[in-house]
Amino acid sequence: MKFIKFTKKGIYCIPGKFYLDPWFPVDYAIISHGHADHARWGNKYYLCHNDSKAILKHRIGQDISIESMGYNEPKMINGVQVSFYPAGHIIGSAQIRLEYKGYVIVFSGDYKTQPDFISVPFEPVKCNEFITESTFGLPVYKWKSELDLQAELQNWVLQNQQNNRTSVFLGYSLGKAQRIMKLVEGVDDVYVHSAINNFNKTISGSGITIPETTLIKPDFDKKNIQNKIVILPPALLGSKLLKRIPNAATAICSGWMHIRGNRRWKGVDAGFAVSDHADWDGLLEAVKATEAEKVYVTHGSQAVFSKYLNEICIEAHELKTEYGEDELAKQDILKTETA
Amino acid sequence: MKDFSNLISAIEITNKTNAKIEALVNYFKTAPDKDKLWLIALFTGKRSSRPVKSNLMKGWVMEITQLPEWLFLESYSSVGDLGETIALLLPNPENKIEKPLNVWIDELINLKSETDEEKKAYVLNAWNGLKAQERLIFNKLIGGSFRIGVSKKTLVNALEKLSGIDANQLMHSIIGNWTPDTITFDELLSGEHINYDNSKPYPFCLAYALEKDLEDLGNENDWQVEYKWDGIRGQIIKREDEVFIWSRGEELVTQQFPEIVEAVSQLQGSFVIDGEILAIKDSTVLLFNDLQKRLNRKNVTKKLLEEVPVGLYIYDILEIDGIDLREKSMAVRRLKLETLFKQNKSDMLKLSEVINFKSWNELDDLRNAARSFNSEGLMLKKKSSIYHVGRKKGDWWKWKVDPLTIDAVMIYAQKGSGRRSSKYTDYTFAVQNDDNLVTVAKAYSGLTDKEITEISRWVNKNAIEKFGPVRTVKPELVFEIAFEGIAYSKRHKSGVALRFPRMKRWRKDKTLKDIDTIQTVKALIEVN
């Protein structure tokens, strides 16, 4: 840790005098992406990727002091060169590269190495120190390709239609929802919950093209929805709105659905392992590609992943952070958001 | 095997019984005869011993994936199922093998006699030709156990829907003596191999929990009061010297209780009786926990028979010498029952005792004393009541003892199995002993799914260990633990043993300093 330190408020760059995704309010926050556990309320000044700017304003407040820049556009802050690289996690997600006196540290934020149809694909960045997430840091996690997922989701919808059922997908309103929209694009009309609709408006408002959707209002006409596709935030599982949807077949889209126990726990009709985080091979590939001398492992399976890295002769340390230990934790955040 | 694999996926994902039945019916409509028979065999626990040891399979996976053993085990403890862990760890298949279920099963049966090298070649080839979900099924076929939430009753209901044949007859058919090689699907359903007339059960008469004051039940003389027992409610049928035992869940459990079958066979005449199967040792009724060791076993070993002997407490009689008695009054049926057992004395079979009492106010003390001999409380039955079909309010009431409770703190958490394998569901609780904590109970039931999810998340954040299945947690979460009884015990460090502990409530309003001490817990023994 040449020029950063891990503090109670978050990861701090000493010469740069700024924080990366801090979890308590600070003067200067550089934000990797728009999810609530990374982009928090109360900072005096924000810096993020161009595509995240509108999302942060929508989520935190229109009046925040915020600046944005593109990928690969370095900016000097107190002698530290800061630049963003695509993280492939959601729209606008960035790895944050810091260079000071020739020494490079990269903070991954959340990332996914497999390309999807909607976010800019992950790009590995060479560095001396790499701070990586480890949400799915166990070798049992192995994602299908986007094309396979597309076929899987679309087949499910078509099969539901044959059985006269309405396909309801549950996924986070930012990121997952837009990815599902893209995966089922062209099959039939897609209806979305207001939380998702708000993000859709924000995203397309900043010039990014996403598939067309219709807002599902609480008093929707059942006839119009029958046999169509609906996307709702996971917190709406068991809600009145979901119960009103005629002949609903429900599916959760989350990396956790890779394990049967998780699929069965939720009591839904299907579970699809659509993850915005890297799988085991993705994590390993990413770490190796950085050629980092030291790796810090944050949220997820940090104990397992860092132990394994050390065994394959990559120096690794665990790091305790306040980022979502469990993707499900985001549901609580969502609840307050949609309330 | 694709269809079978799809069926399993469809059954697993839902917790709605109707959806499971629907999936089964669809499978039965299209699958080949042999596959259908094997499915019934697998789901009813007719299985042969495993052809390949799980340790061998684990070794091959580690060899293929080049993963260290600790990481294999870490994966296993996260997934919670060995067959699934293996299916997920292996690299994607390079080939595609499609064979019907019965061919796979035949091959696996033949595999048993081959060498380890031959087994390895066969299994690796299969793994490399099957997708993850089919691989999981293949691994389960090797293991032979399909615990996927399909009870015999669900299976039978699906077969009834398919064929229109009475469910109880189907239950007898599938449990009867048959093998997939010696019968066709239609023969099995038609029940040619059984004599259903002899085994045909009656629906059970059930009681509601008492919801009014005893005084409001009217005259004491109109009621028959018995102890309530917590075992397996059973209907025992003896017709033409054949004996059958049906459980309350309408499963035929005859084979599980050979000593009862033996004792009933000794009796004269034909009859149908209703009673409670209990673990009874030295004339003392044991706990349901003990009886549980006897349940759902394929073979009841001699050792088990000695360890947990069972007996029957008889409540009622529904038929004698072919005559249906259910429309007769309780009082009349009781007399018939007493007459039958006056002629037939048996240690194994005892009439449920009718409690003598004069006034309602005597009963509360009797109810609370019931705990001391492992009775659950009292049953109140109207002497004029007929033997109803199912639950009917007013004639039969159950009046259970109130559970004992203590407040204890969670100190360990462990993941569950099956549906619960993704969550920390099994907890160990402690109470205060001077400055230390001492373990008093393990419990895994009583919470809602939502609470379990919340606790699992908390465990993830507050666990002290990083590896392995058991997590030591900060003593912080306080629960009200309910239990049916308490006794001194030398086997437990705390010196006490609780009966049926379960979580009554998560006391979010309490902290570590509010929990019970071992002294207050022991004091409960003196009072009860």
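Coordinates for the structure precede this section.
These numbers were taken from a predicted model, which means no experiment stands behind them. Just so you know, the residues in each chain are numbered from 1, in the order the chain's sequence is written. Whichever chain is written first is A, and whichever ligand is written first is 1; the rest continue in order. With pLDDT at 70 or above as the cut-off, local features in this predicted model cover only qualifying residues; side-chain atom pairs require 80 or more to be listed or tallied, and sums for whole chains, interfaces and linings still use all residues.

Caption draft 1: Structural view of the overall build of chain A. Counting from the N terminus, the helices are the DSSP runs of H or I reaching at least four residues and the strands are the DSSP runs of E reaching at least two. The helix and strand tally for chain A stands at 10 helices and 19 strands. Here the C-beta atoms are placed from the backbone, and a residue counts as buried if at least 20 other C-beta atoms lie within 10 Å of its own, exposed if 12 or fewer do, and partly exposed otherwise. Looking at chain A residue by residue over its 339 residues, the buried ones come to 52%.

Caption draft 2: Representation of the interface of chain A and chain B within the structure. Taken together, the contacts link 23 residues of chain A with 27 residues of chain B. Elements supplying a minimum of two residues to the side of chain A that touches chain B: α7 (260–265), β17 (270–272) and α9 (302–311) of chain A. With six residues, α7(A) is the largest single contributor of residues to the side of chain A that touches chain B. Each residue receives one of three labels: charged for Asp, Glu, Lys and Arg, nonpolar for Ala, Val, Leu, Ile, Met, Phe, Trp, Tyr, Cys and Pro, and polar for the others, Gly being one of them. Among the residues making up the side of chain A that touches chain B, the classes are represented as 11 nonpolar, four polar and eight charged. C-beta atoms are first placed from the backbone for all residues, and any pair lying within 7 Å is then listed as a contact.

Caption draft 3: Structural detail: the nonpolar core. Buried Ala, Val, Leu, Ile, Met, Phe, Trp, Tyr and Cys residues form a nonpolar core when they are connected through C-beta atoms within 7 Å. Counting residues in each nonpolar core, the largest one holds 190 residues, and the members touching the most others are V230(A), I231(A) and F272(A). When residues of this core are assigned to their parent elements, the largest contribution, seven residues, is made by strand β6 (residues 271–281) of chain B. Those residues in contact with V230(A) that lie beyond four places of it in its chain are T166(A), V168(A), Y191(A), I216(A), I225(A) and I245(A).

Caption draft 4: Examining unusual backbone geometry more closely. For N78(A), which is not glycine, the phi torsion reads 50 degrees and is therefore positive. As for its placement among the helices and strands, N78(A) is situated in the loop between β7 (75–77) and β8 (80–86). Residue class for N78(A) comes out partly exposed when judged on the 13 C-beta atoms lying within 10 Å of it. The phi angle at Q66(B) is positive, at roughly 60 degrees, despite the residue not being glycine. Tracing the chain through its elements places Q66(B) in the loop between α4 (54–65) and α5 (69–79).

Caption draft 5: Quick peek at the sheet that holds strand β13 (residues 190–192) of chain A. All names here are of chain A. As summarised here, the arrangement of the six strands in space is β14-β13-β15-β12-β16-β17, forming an open sheet in which the pairing is parallel. For this open sheet the edge positions go to β14 (214–215) and β17, each flanked by a neighbour on one side alone. As paired strands, strand β12 (residues 166–170) and strand β16 (residues 248–253) are joined by five bridges and run parallel to one another. Residue pairing for β16: S167 is matched across the bridge by A249. For two strands to be treated as a pair, DSSP must find no fewer than two bridges joining them.

Caption draft 6: View of the pairing of β8(A). Residue and element names in this part refer to chain A. Counting buried residues along β8, five of its seven residues qualify, which places the element largely inside the surrounding structure. Sheet analysis places β7 next to β8, joined by three bridges and oriented antiparallel. What sits directly across from K75, in β8, is V82. In this antiparallel pair of consecutive strands, β7 and β8, the connection spans two residues, and N78 shows a positive phi of 50 degrees. Here six bridges tie β8 to strand β9 (residues 94–100), and the two strands are oriented antiparallel to one another. In the sheet register, V82 faces β9, and the bridge partner there is L98.

Caption draft 7: Broad picture of the pairing of strand β18 (residues 294–300) of chain A. All names here are of chain A. Burial runs high along β18: six of the seven residues are buried. The pairing of strand β11 (residues 129–134) with β18 spans five bridges and is parallel. Directly across from E129, in β18, lies its bridge partner K294. Bridging between β18 and strand β19 (residues 316–318) involves three bridges; their strand directions are parallel. Residue pairing across strands places V295 opposite A316, the latter belonging to β19. Call a crossover right-handed when, viewed with both strands pointing away from you, the route from the first strand across the helix to the second goes clockwise. Crossover handedness for the path β18 to α9 to β19: right-handed.

Caption draft 8: Quick look at the sheet that holds strand β13 (residues 396–400) of chain B. Residues and elements named next belong to chain B. With respect to topology, four strands assemble into an open sheet ordered β2-β13-β11-β3, the strand pairing being mixed. In this open sheet, the two edge strands, each paired with only one partner strand, are β2 (208–209) and β3 (223–229). Relative to β13, strand β11 (residues 375–382) runs antiparallel, the two sharing five bridges. Within β13, the residue paired with L380 across the bridge is W397.

Caption draft 9: Just the packing of helix α3 (residues 33–43) of chain B against helix α7 (residues 101–111) of chain B, in detail. Residues and elements named next belong to chain B. Between the N-to-C directions of two axes lies an angle of 0 to 180 degrees, each axis being a line fitted to C-alpha atoms and, for a helix, fitted only over the stretch in contact. In contact at an axis separation of 8 Å, α3 and α7 are set at 65 degrees when each is read in the N-to-C sense. Counted together, K34, D35 and W38 of α3 and L101, N102 and I105 of α7 form the full contact between these two elements. Class assignment of the residues belonging to the contact of α3 with α7 gives a composition of three nonpolar, one polar and two charged.

Caption draft 10: Local environment of the packing of α5(B) against helix α6 (residues 82–89) of chain B. Residues and elements named next belong to chain B. The interhelical angle for the contact between α5 and α6, taken along N-to-C directions, is 120 degrees, at an axis separation of 9 Å. Judged by the inter-axis angle, α5 sits oblique to α6. Two packed elements cross with a definite hand, and for α5 against α6 that hand is right-handed. Taken together, the residues of α6 that come into contact with α5 (itself represented by S75, Y76 and V79) are L82, E84, T85, L88 and L89. Tallied by class, residues from the contact of α5 with α6 come to five nonpolar, two polar and one charged. Angular relationships are summarised with four words: roughly parallel below 35 degrees, roughly antiparallel beyond 145, roughly perpendicular across 65 to 115, and oblique for the angles in between. Should the near helix be turned anticlockwise from the far one by less than a right angle, the crossing is termed left-handed; should it be turned clockwise, right-handed.

The analysis is restricted to geometry; functional conclusions fall outside its scope.
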